[in-house]
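Fold and contact review
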Amino acid sequence: MKKALAIIPARYNSSRFPGKPLAKIGGKTMLQHVYDNVMASGLFYDVVIATDDGRIYTEAEKWFGKVTMTSPAHQSGTDRCAEVINTTSLNDPEIVVNIQGDEPFISFAPLKQLLEVFGSNKEAGIATLIQKIKHPSDVINPNIVKVVKDMNGKALYFSRAPIPHIRDAEKMLQPACYKHIGLYAFRADVLREITQLQPGMLEETESLEQLRWLENGYTIHTAETDYKMLSVDTPEDLHKAEEFYLSNGIQNA
């Protein structure tokens, strides 16, 4: 397996949930849950938190998490990841994985699936995960990003709208609809390249940064996972995560 570095971008000023990385689940901050689970996976030679906020930096130092300060001007976690590999000494990774700091129950299986894309495809520069949509309401929910792919698993398009559109449901079988799991892996040189690109029309229309990469001719390889996402975007989500933690006796593994 190629030498992989995990970076966890962590921003304090979330519009829907300020201070989200420091919210606690089972007495431990969400950020520490993410960090501990990624470390426990054993898939990375190093794991680093990238933040622009002193409160997050100080918190990570309490439990000896490796953390670095990055610019507050970044518009995305992808940009923050690029700064980390461009300005710090982290043994020149081959693969960089951007792990969302609001996925407290991230585990070995989806991370391994993501990295395996690069082992099975020598030309892969960007990889991400997708999952079949089971609930019809998710198809029309604009907060759930949908994706269509070709027969080789390469993403054709991402959208907040339902894709593919079913023109005549009576004459065809219901197609499989996939949602995008916001976990990315990049070849390090590709990460550096895509963060130099300017936003295009598609990205600005849908507010999805991955459309910038597609619009500029980059290929995004996908892998299908059955990993159950439990992202925390709001205080209500935090309550659900706490219930899940307590009911499942979750331990970092």
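Here, every reference points to the structure presented above.
Residues numbered from 1 in each chain as written. Predicted model: local features only at pLDDT ≥ 70, side-chain atom pairs only at ≥ 80, totals over all residues. Heavy atoms only, no water.

1. Observations concerning the overall build of the protein chain
Counting its secondary structure elements, the protein chain contains nine helices and eleven strands. Against the compact-globule benchmark of 18 Å for 253 residues, the protein chain has a radius of gyration of 18 Å, which places it among compact chains. Projected onto its principal axes, the C-alpha positions of the protein chain cover 60 × 40 × 35 Å. Taken across its 253 residues, the protein chain has 51% of its residues classed as buried. Put simply, 67% of the contacts in the protein chain that link residues at least 6 apart link residues at least 24 apart. Accessible surface, the protein chain: about 12800 Å² in total, of which carbon and sulfur atoms supply 50%. Where the 27 positive side-chain charges of the protein chain centre and where its 32 negative ones centre are 3 Å apart. (Helix = DSSP H or I, 4+ residues; strand = E, 2+ residues; numbered from the N terminus. Rg over C-alpha atoms; globule rule 2.2 N^0.38 Å. Buried < 20%, exposed > 50% of the residue type's maximum accessible area, 1.4 Å probe, protein only. Contact = heavy atoms within 4.5 Å. Areas by Shrake-Rupley, 256 points an atom, 1.4 Å probe, with all protein chains shown as cover. Lys, Arg positive; Asp, Glu negative; His and termini not counted. Charge placed at Lys NZ, Arg CZ, Asp CG, Glu CD.)

2. Digging into the packing of aromatic side chains
Under the criterion given, the structure shown has five aromatic pairs. Judged by centre distance (5.8 Å) and plane angle (25°), the rings of Tyr184 and Phe186 are stacked. Taken together, a centroid distance of 5.5 Å and an interplanar angle of 80° make the contact between Phe186 and Trp213 edge-to-face. Of this pair, Phe186 sits in strand S10 (residues 178-187) while Trp213 sits in helix H8 (residues 210-215), placing them 27 residues apart in sequence. In this structure, Phe186 and Trp213 share a single accessibility class: buried. Through a chain of ring-to-ring contacts, the aromatic side chains of Tyr184, Phe186 and Trp213 assemble into a single cluster. The lysine or arginine in question, Lys3, covers the ring of Tyr45, its NZ or CZ lying 5.5 Å from the ring centre. (Phe/Tyr/Trp six-rings, centres within 6.5 Å; stacked < 30°, edge-to-face > 60°. Lys NZ or Arg CZ within 6 Å of the ring centre and 35° of its normal.)

3. Brief notes about the side chain of Thr68
Relative to the elements of secondary structure, Thr68 occurs in strand S5 (residues 67-69). With near-sequence residues (within four places) excluded, Thr68 lies in contact with Val48, Ile49, Ala50, Thr51, Tyr57, Val84 and Thr88.

4. Comments concerning the nonpolar core
Of all hydrophobic cores here, the largest spans 34 residues; its most connected members are Ile8, Val38, Phe44, Ile49, Val97, Ile99 and Leu111. Where this core is concerned, the elements lending two or more residues are strand S1 (4-10), helix H1 (30-41), strand S4 (46-51), helix H2 (54-62), strand S6 (95-98), helix H4 (108-120), strand S7 (126-132) and S10. The element contributing the most residues to this core is H4, with five residues. Setting aside residues up to four positions removed in sequence, Ile8 forms contacts with Leu31, Val34, Tyr35, Val38, Val47, Val48, Ile49, Ala50, Ile99, Gln100 and Gly101. Ile126, Phe158, Trp213 and Leu214 belong to the second largest nonpolar core, which has 29 residues in total. (Core = buried A, V, L, I, M, F, W, Y, C linked by side-chain atoms within 4.5 Å.)

5. What to know about the pattern of salt bridges
For the coordinates displayed, the defined rule picks out nine salt bridges. Across the salt bridge formed by Asp102 and Lys20, the nearest N and O atoms sit 3.2 Å from each other. Here the residue Asp102 occupies a position in the loop between S6 and H4, and Lys20 occupies one in the loop between S1 and strand S2 (24-25), the gap between them amounting to 82 residues. A residue is classified by how much of its surface remains accessible, and Lys20, at 11% relative accessible area, is buried. In this structure, the salt-bridge partner of Arg212 is Glu203, at a minimum N-O distance of 2.6 Å. Its relative accessible area of 12% is what places Arg212 among the buried residues. (Salt bridge = Lys/Arg side-chain N within 4 Å of Asp/Glu carboxyl O.)

6. Observations concerning unusual backbone geometry
Where the residue is not glycine, phi is negative for most of them; where a peptide bond is considered, it is trans in most cases. The linkage connecting Ile163 with the following residue, Pro164, adopts the cis geometry, with an omega of -5°. As for its position among the elements, Pro164 is in the loop between strand S9 (155-159) and S10. The phi dihedral of Phe64 is positive, around 65°, even though this residue is not glycine. Note on placement: Phe64 falls in the loop between H2 and S5. Backbone geometry places Ser207, a non-glycine residue, at a positive phi of 60°. Locating Ser207 in the fold gives a position in the loop between helix H7 (201-206) and H8. Residue classification places Ser207 among the exposed positions, given a relative accessible area of 53%.

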